[in-house]
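Reading the structure
So you can see what is in the structure, the chains are spelled out below.
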Amino acid sequence: MNIALIAHDKKKDDIVKITEAYKLILEKHNLFATGTTGSRIAEETGLDIHRFKSGPLGGDQQIGAYISDNKMDLVIFIRDPLTSQAHEPDISALLRLCDVYEIPLATNMGSAEVLLRGLDAGFYDWRDVSRGQDRDSLHF
């Protein structure tokens, strides 16, 4: 699976903690992250991770492009709901694309843990079936 890992500045420690806790699950997958988040995760966990640009510099949009091209299977975006973000329109667009393309999305530690445990249990096998098929032909 292709998994995007994103975190706002005040939530970087949280995403590092969750990637450390679920390293054995995550290392089995292709990991992608926005700039600083990816650097922190790689340095502190040793996980191999493809880094896009920083979120405000287009990284959120790069991940959004992967979603719209059916190249992303899961997004973990640990958001800071109490701090205004200058690139809020990009964030909203990314969240919207997850909804449009039915990509599982976690925006806090609790939902991230549930999605990662589900990933380990094989609950996302439907993504393998849906890849390459026209979304309109899928019936769940």
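Conventions we followed
Residues numbered from 1 in each chain as written. Predicted model: local features only at pLDDT ≥ 70, side-chain atom pairs only at ≥ 80, totals over all residues. Heavy atoms only, no water. UniProt positions renumbered as here; feature names shortened; annotations may be inferred. Pairing = 2+ DSSP bridges. Helix = DSSP H or I, 4+ residues; strand = E, 2+ residues; numbered from the N terminus. Right-handed = clockwise from strand over helix to strand, strands pointing away. Core = buried A, V, L, I, M, F, W, Y, C linked by side-chain atoms within 4.5 Å. Buried < 20%, exposed > 50% of the residue type's maximum accessible area, 1.4 Å probe, protein only. Contact = heavy atoms within 4.5 Å. Axes fitted to C-alpha atoms, helices over the stretch in contact; angles between N-to-C directions. Parallel < 35°, antiparallel > 145°, perpendicular 65-115°, else oblique. Left-handed = near helix turned anticlockwise from the far one by under 90°. Nonpolar A, V, L, I, M, F, W, Y, C, P; charged D, E, K, R; others polar.

The protein is annotated in an unreviewed UniProt entry as Methylglyoxal synthase of Alkalibacterium olivapovliticus. Of the comments in the UniProt record for the protein, the one headed Catalytic activity (unreviewed entry) reads "dihydroxyacetone phosphate = methylglyoxal + phosphate".

Consecutive side chains of a regular strand alternate in pointing toward one face of the sheet and then the other. Strand direction decides the pairing type here: strand β1 (residues 2–7) and strand β2 (residues 30–33), joined by four bridges, are parallel. Pairing of Ala-4 across the sheet is with Phe-32, part of β2. With two bridges connecting them, β2 and strand β3 (residues 50–51) associate as parallel partners. Directly across from Ala-33, in β3, lies its bridge partner Arg-51. Handedness of the β2-helix α3 (residues 35–45)-β3 crossover: right-handed.

Moving on, we get to the nonpolar core. Residues Leu-5, Ile-15 and Ile-76 are the most contacted members of the largest nonpolar core, which totals 23 residues. Residue assignment for this core shows that the elements contributing at least two residues are β1, α1 (12–21), α2 (23–26), β2, β4 (74–78) and α6 (109–121). When residues of this core are assigned to their parent elements, the largest contribution, four residues, is made by α6. Once you skip the residues sitting within four places of it in the chain, Ile-15 turns out to touch Leu-5, Ile-6, Ala-7, Thr-37, Ile-41, Ile-76 and Ile-78.

The strand order across the open sheet built from five strands is β3-β2-β1-β4-β5, with neighbouring strands paired in parallel fashion. Whereas interior strands pair on both sides, the edge strands pair on one side only; in this sheet they are β3 and β5 (105–106). Of the strands in this sheet, β1, β4 and β5 touch α6, which is tilted by about 155° from β4.

As a packed pair, α1 and α3 sit with axes 10 Å apart at the nearest point and diverge in direction by 45°. By the angle between their directions, the pair α1 and α3 is classed as oblique. Relative to α3, α1 is oriented so that their crossing is right-handed. Between α1 and α3, the residues in contact are Lys-12, Asp-13, Ile-15, Val-16, Thr-19 and Glu-20 and Thr-36, Thr-37, Arg-40, Ile-41, Glu-44 and Thr-45, respectively. Counted by class, the contact of α1 with α3 contains three nonpolar, four polar and five charged residues.

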